[in-house]
Structures are given as C-alpha cells and as structure tokens.
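Summary of structural features
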2 protein chains.
Amino acid sequence: MKVGYQGIPGSYSETVVQSQYKATEELDVVGYSNFPDLVHDLATKKLDCAVIPVENSTTGLIARSVDLFRYQPIVATAEHYESVQHTLWGLPGSELSTIQTVYSHPEALSQCDHFFKVHPYLEAKAYEDTAKAALFIKEKMDTNQAAIASPRAGKLYGLKDLKSQIQTENSNTTRFYMMKYKDNAVLTGNQLSLYAETRHKSGALSKLLQVFNLFDCNLLALNARPISGKSFVYGFFIELNIASMQVPFEILWQTLQQVSEYVQLLGQFDVEIKKEG
Amino acid sequence: MKVGYQGIPGSYSETVVQSQYKATEELDVVGYSNFPDLVHDLATKKLDCAVIPVENSTTGLIARSVDLFRYQPIVATAEHYESVQHTLWGLPGSELSTIQTVYSHPEALSQCDHFFKVHPYLEAKAYEDTAKAALFIKEKMDTNQAAIASPRAGKLYGLKDLKSQIQTENSNTTRFYMMKYKDNAVLTGNQLSLYAETRHKSGALSKLLQVFNLFDCNLLALNARPISGKSFVYGFFIELNIASMQVPFEILWQTLQQVSEYVQLLGQFDVEIKKEG
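Residues take numbers from 1 onward in each chain, read along the sequence in its written order. Key to labels: chains lettered from A, ligands numbered from 1, both in the order written. Reporting in this predicted model follows two pLDDT cut-offs: at least 70 for local features of residues, and 80 or more for side-chain atom pairs to be given and counted; totals over whole chains, interfaces and linings ignore these cut-offs and use all residues. Here the side-chain values reflect all heavy atoms present in the structure, with hydrogen atoms and water set aside.

Under the annotation held in an unreviewed UniProt entry, chain A carries the name prephenate dehydratase and is attributed to Jeotgalibaca dankookensis. UniProt positions are given in the numbering used here, feature names are shortened, and annotations may be inferred rather than shown by experiment. Quoted verbatim from the Catalytic activity (unreviewed entry) field of UniProt, the annotation for chain A is "prephenate + H(+) = 3-phenylpyruvate + CO2 + H2O". Entered under Pathway (unreviewed entry) in the UniProt record, the comment concerning chain A runs "Amino-acid biosynthesis; L-phenylalanine biosynthesis; phenylpyruvate from prephenate: step 1/1."

Structural data, given as structure tokens:
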C-alpha cells in the first residue's frame, strides 16, 4: 500500500503515517514537497492513501491543504488528532548553554515564543520545515546551532534532546484526515465533512443551514473560503454530526443537492477521541 | 488625527490610509511593525483610527488580524476594497534582462507565479514585507536585484518600473476595515460584522443562525476560529446585511445575546462598491 504525506521523515505528518498504518513489507511511504502534488497523486490513483493536516487548535483551518480537496474525487475515511510537541535538537556533544542559533519553521518558532523569551541569547531563524531543520543541523555539524522539531525527527537524525516540550501552549494539536480515492473508500460513521457552494441568491446560506436543522444534524464548524477566480464569492467547508439524524443519509444528500449549486462529501468517519495536553 | 497601519510607507495598508484620510497638517500616520501593537494602541486610545486588512479575494479571511479584534473595544466604521497590483521595481538604470534576484513577501511572490514561469532565469527570494523589499533594493544599490511591491512603494523609494501588473490573477483584491475606538464610532449602514461564541451545547450554532433567518438578515459569510486556550472550541466571525430587516437593530442584538455565550459587534457600515481588476 502506497501512503503519501507532505514533508520528510520526522515531520508531524509522517509521524501520523507511522501511527496510523501498520508497518509491513507492503507499506510504501512517500514524502511530497508540496500539497498540490500530494493531492494530485491521490486523485489520480498514484497513491492508495494520503495523510493531510486540515486544522490546528491554535491557528484554525489549514486552508492551503483543504482548499485543494475541492472538485477532487477524494474523501476522508478517518481523522486523527496529533499533539504538537516541540523539542530543541542539537548535535551530540552540544549543550543548551552553547547554542546561539535555532532553526525551524516560522510557525513552530512562534509556537515556542515563551522559550525564546526566557532564553533571550538564542537567535531564531526561519527554515522551511521542522524536520528539514533537524536534518540541516545534522549535516551542518555546528554545535552552536540547533533545530526545533518533533520528538521523532531528532531521534531519526541522531540528534541530542537539549530540551523537550518547549511549546508555549501544551494543548496545541493538529487534526489530520486519512484520505482515499473516492471509489476505494468505505464510508461509515456519524461525523461528516462537506464542501458546498450556494446559489448566488440572497438567503442561500441560511437555506443550506436550515437543511441541517430540519434533519437534526449537529452543525460543528463552518468556514467560508473564496472560490478561485470569483472575487468575494465563497464556498463553505462544513462539519456536522449526524448521530441524531432520523432520516436516511441519502435523503439528507438529495436535499443538500437541491439547495446548493455544488456539494461534495469530503469525509465520513467515526469521531476520534481528542488527545489533549 | 492619528491613524495607524501595519507596515512602512508604500505598503498596501499605507496606500489605503492615503486614499481614505485627507492629507492635512493634522493627519499623523503611524506605521507599526506588527498587528498586536497596532490593535493594542487603538484599543487603548493611543490612536484615533486604524486601517487593517481583514480578507483577501484569493486567500480568504486574514485570521492573524481579525483574531485580534476579539474582546477589544474597537469597531469598524467603513470598509474598503483595494486592488492588489504588483510591480517589479529595480534601480534607475537597471533593465529586466539584467535582473537575477527578486525580493518580496512570500505571498506576493506566489501571486506572481506566472511571471516567474515565463522568466525562469529570475530567482525569487523571500523578504518580510513588499514595501521593505523595495526599500532594501534602494539601499543595496545592486542593479542585478529587484523587488515586487505596490505601484506606490517603488515611486516612494525612487525606483524604476521594470514591469507593472505582474500579478497572475488580475482580480486579486484585499478588503480593509477602517477601525475606531468603540465609544468614538458613529455606526450606521446595513452591513454588519459580528463575532459570536455559542453556548457549548448541541445545535447551538444552528440556533444562532436561525436568529438571522427569523429577522430576515442576509447571512454573507461565516468563519469558525479557534478560541485561545480551548482546543477545538470555536468562535464565529459572521457578516450579514440587514437591509431587509423589519425589526429595530436593538431587538436583533438582544436576541443574539440570548442565544450566544458572547457576542461582539465588530463593525457596521455601508457596503463599498467593490473595485475589481
């Protein structure tokens, strides 16, 4: 089975791949340098599965990945919450007191702002990726430099744990979708993820939302996203729980199609118990 | 009058300040290096007004600015749509054919991806800000380097227009709010901007949305944003038009307070005719 993710070994996405798919001889894990190529290869069946981050507890919807799901024959069959825990990794022999420069992704650096406040002598430098920053430290062989990356990344590259759990907010968690090509997916569960574009009429969004109310679906989240090439016209990413719904799924779906210009099922799965802290 | 914005002269925000406020001897325009300080100074009355980007036609809600409006005594009294047009700026005497490196904000670079495809010999380099990239080119005095910045930025810094309108999507537009301290704001107009946190009960968001339906408000946009310190609990940024509403505003507001845990008026103004392309 061929599973794709964005990043290199040691990235948070790859850590999720390792926890979600059983390591067997048949497991072929492929890292991509960007989300468009990853989604394209899943949509054209070059991959069997893909693990893609969709939301972060601090920064919200990850638009650069979910925007790509639109109009594609792909669907999420499971979700997974991964706690974001940052470690400061240095070369073997280095000490926190001798470090001068710390490399990581700008988002990871800002997630450790408290750590930088209490260690003001450390200079934070932007790097394109957390795991790549760890690899860079390994290859650069300079004991004055360190990287902020996942617990798995530093171990993979043989680095020394200078300080673990340096993230400011302990509850920082990223949510991932396990995605498949639509025709290969078995969809069950009470959690639904949708993308809908309403008709361009006054009250169209309210009408769409009334459907969920009518069928006793619990609306959990809604995010407006611009439609490419149409200024300030939106599509909506919607999440709902259908545990209380009394009508068959097919009736809900037909009704949604009636009140939308376009509607796409982005995922159906069982709720994962959220890991926090 | 003291007006604040994020950036330096020549940034898109500063261009909006120049177009929205009459240049008089009393106009004091202050650039900030970050959004938190800008919002803080408006909320503590150190500024009379602030011009802040809230949405982009391609990338959607600008969460890093609107998230800061929450729980603050500030409100938008007007909106403005500013077309994003990028120019390639070089030193006087430089030519497009001799340029090797182009500096700009990563978002601006990606907005000109087509230009880089047809000029593959140009190396794109990330810089923290478009206007600062223009200033950097002026100070570096290297005719092999150029910056991508606004039409205003290059003129301000005495640079040469090597090629204008190099953005891939001509309709790319950023929407700004003109904001004031709450008690100093005169609020009129049919366009409302709200922030609401629902009670943590099943169906709470649907209930909130029913209010808009009940009072004939036209729901235009809705974005779920994480609440700080509460994983996967959301507040909602909502925009609506109340032109068709038959009841007094006060009744709508009281009803919203009944069905929300917290509700905040982020803006009330007349719709600006959208400039496009």
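This paragraph deals with the relation of the copies chain A and chain B. Overlaid copies result from least-squares superposition on C-alpha atoms, with residues included only where pLDDT is at least 70 in both. Note on the copies: chain A fits chain B at an RMSD of 0.0 Å, the axial shift is 0.0 Å, and the rotation between them is 180°. Expressed as an axis order, the relation between the two copies is that of a two-fold axis. Looking at the rotation axis and the C-alpha trace of chain A, the residue lying nearest is A:Asn223, at 2.1 Å. Take the interface residues of chain A: 100% of them recur as interface residues in chain B, which is what a same-surface contact looks like. Throughout, a contact is declared for two residues whenever any of their heavy atoms are within 4.5 Å.

Moving on to the sheet that holds strand E8 (residues 123-126) of chain A. Residues and elements named next belong to chain A. If you trace the 5 strands from one edge of the open sheet to the other, you get E8-E7-E9-E6-E10, paired in mixed fashion. Strands with a single pairing partner mark the edges of an open sheet, and in this sheet they are E8 and strand E10 (160-163). Put simply, the sheet's adjacent strands are angled 35° from each other on average, direction ignored. Two strands pair if DSSP finds at least two bridges between them. Runs of H or I in DSSP of at least four residues are treated as helices and runs of E of at least two as strands, each being numbered from the N terminus. Examined bridge by bridge, strand E6 (residues 87-90) and E10 share 3 bridges and lie antiparallel to one another. Residue Trp 89 lies in a different strand from E10, and its bridge partner there is Asp 161. Contacts from helix H6 (residues 130-140) reach E6, strand E7 (101-104) and strand E9 (145-149) within the one sheet, and its direction differs from that of E9 by about 155°. The convention used is that axes are lines fitted to C-alpha atoms, helices contributing only their stretch in contact, and that angles between N-to-C directions extend from 0 to 180 degrees.

We now examine the nonpolar core. Formed by 56 residues in total, the largest nonpolar core has its most connected members in A:Phe212, A:Ile238, A:Leu252, B:Phe212, B:Ile238 and B:Leu252. Look past the residues within four positions of A:Phe212 in its chain and what remains in contact with it is A:Leu194, A:Cys217, A:Leu219, A:Ile238, A:Leu240, A:Leu252 and A:Leu256. Throughout, nonpolar core names a set of buried Ala, Val, Leu, Ile, Met, Phe, Trp, Tyr and Cys residues whose side chains join them through atoms within 4.5 Å. Three labels apply to residues, based on accessible area from a 1.4 Å probe with only protein chains included: buried if under 20% of the type maximum, exposed if over 50%, partly exposed otherwise in between.

Moving on to the interface of chain A and chain B. Many analyses report the size of an interface as the accessible area lost when the parts associate. Taken together, the contact between chain A and chain B spans 35 residues of the former and 35 residues of the latter. Summed over both sides, the interface between chain A and chain B buries roughly 2800 Å², with carbon and sulfur atoms accounting for 48% of that surface. Definition used for salt bridges: Asp or Glu carboxyl oxygen within 4 Å of a side-chain nitrogen of Lys or Arg. On the surface where chain A and chain B come into contact, there are 0 salt bridges. Any pair of N or O atoms that falls within 3.5 Å is considered a polar contact. Within protein, one atom must be able to donate a hydrogen and the other to accept it, and sequence-neighbouring residues count only if both atoms are side-chain atoms. Between the two partners, chain A and chain B, sit 10 residue pairs in polar contact (both at pLDDT 80 or more). Breaking the side of chain A that touches chain B down by element, the ones donating at least two residues are strand E3 (49-56), strand E4 (60-61), strand E11 (173-181), helix H8 (204-214), strand E13 (218-227) and strand E14 (230-241) of chain A. Take the side of chain A that touches chain B: its biggest share by element is 9 residues, from E13(A). Residue polarity follows a fixed list, in which Ala, Val, Leu, Ile, Met, Phe, Trp, Tyr, Cys and Pro are nonpolar, Asp, Glu, Lys and Arg are charged, and the others, Gly among them, are polar. Looking at the side of chain A that touches chain B residue by residue, the class counts come to 13 nonpolar, 16 polar and 6 charged. Buried area adds together the accessible area that both of two parts lose upon being put together, with accessible area traced by a 1.4 Å probe.

Glancing now at the pattern of salt bridges. All names here are of chain B. Scanning the entire structure with this criterion turns up 16 salt bridges over all chains. Between Asp 67 and Arg 70 there is a salt bridge whose closest N-O contact spans 3.6 Å. By relative accessible area, Arg 70 is classed as buried at 8%. Note that Glu 79 is salt-bridged to Arg 175, the shortest N-O span being 2.8 Å. With Glu 79 in strand E5 (residues 74-83) and Arg 175 in strand E11 (residues 173-181), this residue pair connects regions lying 96 residues apart in the sequence. Arg 175 matches Glu 79 in its accessibility class, with the two residues each being buried.

Okay, the side chain of A:Asp129 next. Residues and elements named next belong to chain A. For Asp 129, the location among the structural elements is in the loop between E8 and H6. As used throughout, the charge tally considers Lys and Arg to be positive and Asp and Glu to be negative, leaving His and the chain termini uncounted. Lys 132 provides the closest opposite charge to the buried, salt-bridge-free Asp 129, at an N-O distance of 5.4 Å. Separated by 2.9 Å, the side chain of Asp 129 and the backbone nitrogen of Ala 131 make a polar contact. Of the polar contacts made by the side chain of Asp 129, one reaches the backbone nitrogen of Lys 132; its length is 3.1 Å.

So, about unusual backbone geometry. For residues besides glycine, phi is generally negative; the peptide bonds are generally trans as well. All names here are of chain A. Residue Met 141 is not a glycine yet carries a positive backbone phi of 55°. Its place among the elements puts Met 141 in the loop between H6 and E9. When its relative accessible area of 62% is taken as the criterion, Met 141 is described as exposed.

Let's shift gears to the UniProt feature "domain: Prephenate dehydratase" (unreviewed entry) in chain A. Mapped onto this structure's residue numbering, the UniProt feature "domain: Prephenate dehydratase" (unreviewed entry) falls at residues 2-181 of chain A. Segment residues 2-181 of chain A splits into 28% helix and 33% strand. End C-alpha atoms: 12 Å apart.

A separate point is the sheet that holds strand E7 (residues 101-104) of chain B. Residue and element names in this part refer to chain B. Read from one edge of the open sheet, 5 strands run E8-E7-E9-E6-E10, paired in mixed fashion. Looking along the sheet, the strands with just one partner apiece sit at the ends: strand E8 (123-126) and strand E10 (160-163). Going from strand to strand, the sheet's axes swing by 35° on average, the running direction of each strand aside. Relative to strand E9 (residues 145-149), E7 is paired through 3 bridges, and the arrangement is parallel. In the strand pairing of E9, Thr 101 is matched with Gln 145. Each of strand E6 (87-90), E7 and E9 is contacted by helix H6 (residues 130-140), which is oriented at about 155° to E9, the strand it contacts most.

On to helix H9 (residues 249-259) of chain B. If you check which residues of H9(B) are buried, you get B:Leu252, B:Trp253, B:Leu256 and B:Val259. For H9(B), the arc enclosing every buried residue in end-on projection is 130°, short of the 170-degree limit, so these residues lie on one face. What the arc covers is the set of directions going from the helix axis to the C-beta atoms.

All names here are of chain A. What marks off one domain from the next here is an automatic or database domain assignment. Split into domains, chain A comes out as domain 1 (1-84 + 172-186), domain 2 (87-163) and domain 3 (187-277). Using only C-alpha atoms to locate each centre, domain 1 and domain 2 end up separated by 26 Å. The interface is formed by 12 residues belonging to domain 1 together with 13 residues belonging to domain 2. The contact between domain 1 and domain 2 buries some 960 Å² in all, and 54% of this surface belongs to carbon and sulfur atoms.

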